[in-house]
Amino acid sequence: MPAPLIAIYPGSFDPPTNGHLDLIARGSQLVDQLIVAVLENTQKQPLFPVPERVDMLKHVIASYPNVEVDCFQGLLVDYAAQRNARVILRGIRAISDYETELQMAMLNRRMRPDIETIFLMASEQHSFLSSRMVKEIATLGGDVSSFVPEFVWKSLHGKLVGNPCKPPRK
Ligand code: PNS
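Read on for a plain summary of the structure.

Criteria and cut-off values
- Residues numbered from 1 in each chain as written.
- Predicted model: local features only at pLDDT ≥ 70, side-chain atom pairs only at ≥ 80, totals over all residues.
- Heavy atoms only, no water.
- Pairing = 2+ DSSP bridges.
- Helix = DSSP H or I, 4+ residues; strand = E, 2+ residues; numbered from the N terminus.
- Axes fitted to C-alpha atoms, helices over the stretch in contact; angles between N-to-C directions.
- Contact = heavy atoms within 4.5 Å.
- Near = heavy atom within 4 Å.
- Polar contact = N/O pair within 3.5 Å; in protein donor to acceptor, adjacent residues only side chain to side chain.
- Areas by Shrake-Rupley, 256 points an atom, 1.4 Å probe, with all protein chains shown as cover.
- Nonpolar A, V, L, I, M, F, W, Y, C, P; charged D, E, K, R; others polar.
- Buried < 20%, exposed > 50% of the residue type's maximum accessible area, 1.4 Å probe, protein only.
- Arc of directions from axis to C-beta.
- Phe/Tyr/Trp six-rings, centres within 6.5 Å; stacked < 30°, edge-to-face > 60°.

## Focus on the sheet that holds strand S3 (residues 67-72)
- Ordered by their spatial adjacency, 5 strands build an open sheet running S3-S2-S1-S4-S5, and the pairing between neighbours is parallel. Pairing within the sheet leaves two strands with one partner each, and these edge strands are S3 and strand S5 (116-121). Between one strand axis and the next, the sheet turns through 30° on average, direction left out of account.
- With 6 bridges joining them, strand S2 (residues 33-39) and S3 adopt parallel strand pairing. Within S3, the position partnered with Leu39 by the bridge is Phe72.
- The strands touched by helix H2 (residues 50-60) are S2 and S3; relative to S2, the strand with the most contacts, the crossing angle is about 155°.

Structure (structure tokens):
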């Protein structure tokens, strides 16, 4: 029997958006097991600490039996190898994503030629979405309820309600 096809979907997920969820839904149909892996990045100042991002993702993937959530530190390819993953899954929204994604895919391939990066084009309705913009809009009191899953919206609301300017509207 061939070994199960395991893919890693890595990212910051600060916070997860409907675009991420769409990629998880579509990606999980292509592989036997999909591991959504949150990078523990000491360089960035996140809105949500890693355990909260993991928790939000666990909620949103609950109905996908072949998807799990994990976090990792260090090189993505080392983590992928450690999890016996042969595929790294990434989404591309616009041409502006392509350059960085190409660079990462090439460098990852140079380090671990046995791990393949596979790209899915973002669905049209999510092609403009980014966690950074969602955070900015929510922080400024804008309505992000159509950009993120309900559970994430509630977490965002909880996080920003103490903001002396404005909590997010719904
Ligand atoms: O959601 P993001 O922030 O676009 O995800 C970026 C991520 C996590 C895929 C990328 O930063 C990454 O793989 N970091 C792990 C460190 C690493 O392997 N760096 C070398 C990449 S060539």
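Now that the structure is up, let's keep going.
## Examining the site of the ligand
- Close to the ligand lie 13 residues; Gly11, Ser12, Gly74, Leu76 and Arg90 are nearest.
- Ser12 has a polar side-chain atom sitting 2.6 Å from an oxygen atom of the ligand.
- Expressed as a share of its isolated accessible area of 550 Å², the protein-covered part of the ligand is 73%.
- Sorting the residues of the shell around the ligand by element identifies strand S1 (6-11) and helix H4 (95-111) as the ones contributing at least two each.
- Ranked by residues supplied to the shell around the ligand, first place goes to H4 with 3 residues.
- A breakdown of the residues in the shell around the ligand according to their chemical character gives 7 nonpolar, 4 polar and 2 charged.

## Section: helix H6 (residues 150-160)
- Where H6 is concerned, the buried positions are Val152, Trp153, Ser155, Leu156 and Leu160. When H6 is viewed along its axis, its buried side chains cluster within an angular range of 165° and face the same direction.
- On its buried face, H6 is in contact with H2 and helix H5 (131-139).

## Digging into the packing of aromatic side chains
- Considering all chains together, one arrives at 3 aromatic pairs under this definition.
- Arranged with centres 5.2 Å apart and planes meeting at 85°, the rings of Tyr9 and Phe13 form a pair that is edge-to-face. Of the two residues examined, Tyr9 and Phe13, each falls in the buried class.

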